[in-house]
Amino acid sequence: AVDAQNDAVWCVDSSNVVRRYINGIWLEPQGAGLGKDICVHGGQAWIVGMNDVAHASTASGWTAVPQNPAPLRRIAVDDSNLRLWALSTTDRIYSRTAGAMVWMEHAGDGRGKEISVHGGRPYVIGVDAGIWRSAGSAERRPISPSAWAADRRTNASVWTRRTLISTITSTACNFPSACTAVQT
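Fair warning: this is a prediction, and the values are worked out from it, not measured in the lab.

Caption draft 1: Up close: the side chain of Ser134. For Ser134, the location among the structural elements is in strand β15 (residues 131–136). A polar side-chain atom of Ser134 sits 2.9 Å from a polar atom in the side chain of His106.

Caption draft 2: Region of interest: the pairing of strand β3 (residues 18–22). As paired elements, strand β2 (residues 8–12) and β3 share four bridges and run antiparallel to each other. The partner of Val12 across the bridge, within β3, is Val18. If you look at the hairpin formed by β2 and β3, you'll find five residues sitting between the two strands, and Asn16 has a positive phi there, around 70°. Sheet topology note: the β3/strand β4 (residues 25–27) ladder contains three bridges and is antiparallel. The residue bridging Ile22 from the neighbouring strand is Ile25, located in β4. Taking the residues that link successive antiparallel strands as the turn, the β3-β4 hairpin has two residues, and the phi of Asn23 there is positive, at about 55°.

Caption draft 3: Structural context of unusual backbone geometry. Phi at Asn16 takes a positive value of approximately 70°, unusual for a residue other than glycine. Residue class for Asn16 comes out partly exposed when judged on its relative accessible area of 24%. Phi at Asn23 takes a positive value of approximately 55°, unusual for a residue other than glycine. Within the fold, Asn23 resides in the loop between β3 and β4.

Rules used throughout
Residues numbered from 1 in each chain as written. Predicted model: local features only at pLDDT ≥ 70, side-chain atom pairs only at ≥ 80, totals over all residues. Heavy atoms only, no water. Helix = DSSP H or I, 4+ residues; strand = E, 2+ residues; numbered from the N terminus. Polar contact = N/O pair within 3.5 Å; in protein donor to acceptor, adjacent residues only side chain to side chain. Pairing = 2+ DSSP bridges. Buried < 20%, exposed > 50% of the residue type's maximum accessible area, 1.4 Å probe, protein only.

Shown next, in the form of structure tokens:
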């Protein structure tokens with residue numbers, strides 16, 4: 001996960017240890033968290049812990065995000081409004097508004113294997129391996145080649161974790177081999 005505001009890269013390595021790369025050094029944040037997935041914005045990180053529950057980073061470690069929905073597998077954060085998005089272990093899509101106590105299942109019966117968020121809109125790689133973009137609160141639709149091209153022209157590309165990690169490893173940030181193994 002990339003924290004553009006703080007010029008830092010976060011990862012969950014192959015031993016499930018959460019790490020942060022900042023100023024040329026890989027560090028374990030306070031509390032030495034273990035996780036399965038991670039997202040970050042403005043220095044705040046969220047993970048799916050080993051217990052399949054969302055946790056937020058704090059100054060002293062990790063705390064469970066209240067009212068977790070079904071067991072989680074993936075997590076993402078919308079940089080525009082800090083809304084958390086998650087995929088359950090049954091591929092269902094959930095979101096939680098910053099500061100709210102309740103997670104809501106996304107309308108439209110969508111299912112996903114991977115999730116990313118841009119500009120308030122979730123994108124998922126669906127169980128059918130297609131890329132799906134939410135069309136609003138009650139609809140989702142596939143991204144067609146023309147829509148994909150339009151998104152690329154407006155700098156709103158959808159990146160998979162594999163693409164992002166390939167891009168990061170091609171830079172000179174000394175990405176640890178343990179993290180490059182976690183590509184899915």
